[in-house]
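One letter stands for each residue in the lines below.
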Amino acid sequence: MSIFLRLFVVCKRFVAQEYKLYLCGFLKKYSLNNNINFENSAFWSFGESIEINELVSGLSFSINNELHPLCRLAATELQHHLQHQQDWEHNFGLLAEAEGVVIGKMFGVLVVRTKEGKIGYLAAFSGKLAGKNHLPKFVPPIFDGLEVGGFLNTGMEELSRMSEEIRSLETLENESLNLQIQHLKLFRKNHSNALQDRIFEQYHFLNRAGVSKGLMQVFEHTVAGKPSAGAGECAAPKLLQYAFNNGMEPLALAEFWWGLSPKSAHWKHGEFYPPCREKCQPILAHMLS
């Protein structure tokens, strides 16, 4: 049995964290010894191997497929990176000495085949990570709301200014100001809604055929009729968008939760989950059509 095949068998049988770290260390050593590129690129190569090619032979992409061995391998490597990288700091709540707000994150890996026929994977995180949209090793966002000088920063500053004005008037406890306060709150609400709609307008998603569709159009036939806040920022759409933009063929997808979950007991550290229905299902239905 080849060394790669043995690794896949072992990886499927053992899920203890210490063994994952050992396996990742071996994979990193193997990759470096075989000149696989681990520089700041969104594409992480598995390297050339008969076993790798056999595993992806005839593979048809679907978000409903069972966890593929290469996805598990990619996720293990990514988890090793999350534990040992020193480029940024984020409080996942996994360290006893960590202070501040705990924010667990959903991460995704997408096994792809490049135009040159190389097999590897892409990695993404949901929302922001360490307060940023762009980090080494990860695909970029579909829309960068943190761009300096962008309309979102200006709009948020205006919302903060209105909120501060409302708080200042409320502290005066003057009934004659009630009408003015109500008008300001209504203006703030309208401004917030308009800002959210403008954010939605920035998201456009490619499908397999290269056809682009806007976020509002994607959700127009859903029950809600419009997207919820944060739609388009999940890992799966980011991964597929990058793959389609760069002529890569998606082969297999997996998402896992990393860190503690202060809001819901549903998310468990290190566990794998399918893409969410509320935000991702309508988007992925278009992207995979």
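The structure contained in this document is the topic of the report that follows.

**Focus: the overall build of the protein**
Reasoning step 1: Counting secondary structure elements, the protein contains 9 helices and 7 strands.
Reasoning step 2: Counting only residues that meet the buried cut, the protein has 45% of its 289 residues in that class.
Reasoning step 3: Of all intrachain contacts in the protein linking residues separated by at least 6 positions in sequence, the fraction that spans at least 24 positions is 66%.
Reasoning step 4: Just so you have it, the protein exposes about 16000 Å², and 51% of that area is on carbon and sulfur atoms.

**Some remarks on the sheet that holds strand S3 (residues 119–125)**
Reasoning step 1: Strand order in the open sheet formed by 5 strands is S1-S3-S2-S6-S7, and the pairing between neighbours is antiparallel. Only two strands of the sheet have a single partner each, and these edge strands are strand S1 (44–45) and strand S7 (272–273).
Reasoning step 2: Sheet topology note: the strand S6 (residues 249–258)/S7 ladder contains 2 bridges and is antiparallel. By the bridge assignment for S7, Glu 255 is matched with Tyr 273.
Reasoning step 3: Where helix H4 (residues 69–84) meets the sheet, its contacts fall on S1, strand S2 (105–113), S3, S6 and S7, and the angle it forms with S6 comes to roughly 45°.

**Comments concerning the packing of helix H8 (residues 235–245) against helix H9 (residues 277–287)**
Reasoning step 1: As a packed pair, H8 and H9 sit with axes 10 Å apart at the nearest point and diverge in direction by 20°. Taken together, the axes of H8 and H9 lie roughly parallel to each other. Between H8 and H9 lies a crossing of left-handed hand. Each of Ala 236, Pro 237, Leu 240, Gln 241 and Phe 244 in H8 lies in contact with H9, whose residues at this interface are Cys 280, Ile 283, Leu 284 and Met 287.
Reasoning step 2: Its residues assigned to classes, the contact of H8 with H9 shows 8 nonpolar, 1 polar and no charged.

**Regarding the nonpolar core**
Considering soluble globular proteins, one finds that nonpolar side chains tend to be buried as a cluster.
Reasoning step 1: Within the largest apolar cluster, 38 residues are counted, with the highest numbers of intra-cluster contacts made by Leu 110, Leu 122, Phe 205, Leu 215 and Leu 240.
Reasoning step 2: For this core, the secondary structure elements donating two or more residues are S2, S3, helix H5 (151–171), helix H6 (178–201), strand S4 (204–206), helix H7 (215–219), H8 and H9.
Reasoning step 3: Here this core takes 6 residues from H8, the largest share from any one element.
Reasoning step 4: Excluding residues that lie within four positions of it along the chain, Leu 240 makes contacts with Phe 61, Leu 110, Pro 250, Leu 284, Met 287 and Leu 288.
Reasoning step 5: Counting residues in each nonpolar core, the second largest holds 28 residues, with Phe 46, Leu 70, Tyr 121 and Leu 135 among its members.

**Quick word on the pairing of S6**
Reasoning step 1: Most of S6 is tucked away, with 9 of its 10 residues classed as buried.
Reasoning step 2: Relative to S6, S2 runs antiparallel, the two sharing 9 bridges. Bridged to Leu 110 within S6 is Leu 253.

**Comments concerning a nonpolar patch on the surface**
Reasoning step 1: Taken together, the side chains of Leu 94, Leu 95 and Leu 260 make up a nonpolar region of the molecular surface, amounting to roughly 280 Å² of accessible area.
Reasoning step 2: Within the secondary structure, Leu 260 is located in the loop between S6 and S7.

**A closer look at the side chain of Gln 241**
Reasoning step 1: Among the secondary structure elements, Gln 241 is positioned in helix H8.
Reasoning step 2: Owing to a relative accessible area of 11%, Gln 241 belongs among the buried residues under this scheme.
Reasoning step 3: There is a polar contact of 3.0 Å between the side chain of Gln 241 and the backbone nitrogen of Leu 206.
Reasoning step 4: Residues contacting Gln 241, with those up to four places away along its chain left out, are Ile 142, His 204, Phe 205, Leu 206 and Met 287.

**Observations concerning the packing of aromatic side chains**
Reasoning step 1: In this structure the tally under the stated criterion is 13 aromatic pairs.
Reasoning step 2: Geometrically, the ring pair formed by Phe 107 and Phe 138 is tilted, given 6.0 Å between the ring centres and 40° between the ring planes. Note that Phe 107 is positioned in strand S2 and Phe 138 in the loop between S3 and H5, a separation of 31 residues in sequence.
Reasoning step 3: On the basis of relative accessibility, which here comes to 6%, the residue Phe 138 falls in the buried class.
Reasoning step 4: Where Phe 143 meets Phe 151, the ring centres are 5.9 Å apart and the plane angle is 20°; that geometry is what we call stacked.
Reasoning step 5: Residue class for Phe 151 comes out buried when judged on its relative accessible area of 18%.
Reasoning step 6: In textbook terms, an aromatic cluster arises when at least three aromatic residues are bridged by ring pairs, as seen for Phe 92, Phe 107, Phe 125, Phe 138, Phe 256, Trp 258 and Phe 272.
Reasoning step 7: The ring of Trp 44 carries the charged tip of Lys 137 above its face, separated from the ring centre by 5.3 Å.
Reasoning step 8: Here the basic side chain of Arg 198 rests over the ring of Phe 151, its NZ or CZ set 4.1 Å away from the ring centre.

**Looking at H8**
Reasoning step 1: Of all 11 residues making up H8, 9 are buried, and the element is well covered by its neighbours.
Reasoning step 2: Taken together, the buried positions of H8 are Ala 235, Ala 236, Pro 237, Lys 238, Leu 239, Leu 240, Gln 241, Ala 243 and Phe 244.
Reasoning step 3: Close packing links the buried residues of H8 with S2, S3, S4, S6 and H9.
Reasoning step 4: Two residues or fewer after H8 comes Gly 247, characterised by a positive phi angle close to 65°.

About the cut-offs
Residues numbered from 1 in each chain as written. Predicted model: local features only at pLDDT ≥ 70, side-chain atom pairs only at ≥ 80, totals over all residues. Heavy atoms only, no water. Helix = DSSP H or I, 4+ residues; strand = E, 2+ residues; numbered from the N terminus. Buried < 20%, exposed > 50% of the residue type's maximum accessible area, 1.4 Å probe, protein only. Contact = heavy atoms within 4.5 Å. Areas by Shrake-Rupley, 256 points an atom, 1.4 Å probe, with all protein chains shown as cover. Pairing = 2+ DSSP bridges. Axes fitted to C-alpha atoms, helices over the stretch in contact; angles between N-to-C directions. Parallel < 35°, antiparallel > 145°, perpendicular 65-115°, else oblique. Left-handed = near helix turned anticlockwise from the far one by under 90°. Nonpolar A, V, L, I, M, F, W, Y, C, P; charged D, E, K, R; others polar. Core = buried A, V, L, I, M, F, W, Y, C linked by side-chain atoms within 4.5 Å. Patch = residues over 30% accessible without salt bridge, like charges linked within 9 Å, V, L, I, M, F, W, Y side chains within 5 Å. Salt bridge = Lys/Arg side-chain N within 4 Å of Asp/Glu carboxyl O. Polar contact = N/O pair within 3.5 Å; in protein donor to acceptor, adjacent residues only side chain to side chain. Phe/Tyr/Trp six-rings, centres within 6.5 Å; stacked < 30°, edge-to-face > 60°. Lys NZ or Arg CZ within 6 Å of the ring centre and 35° of its normal.

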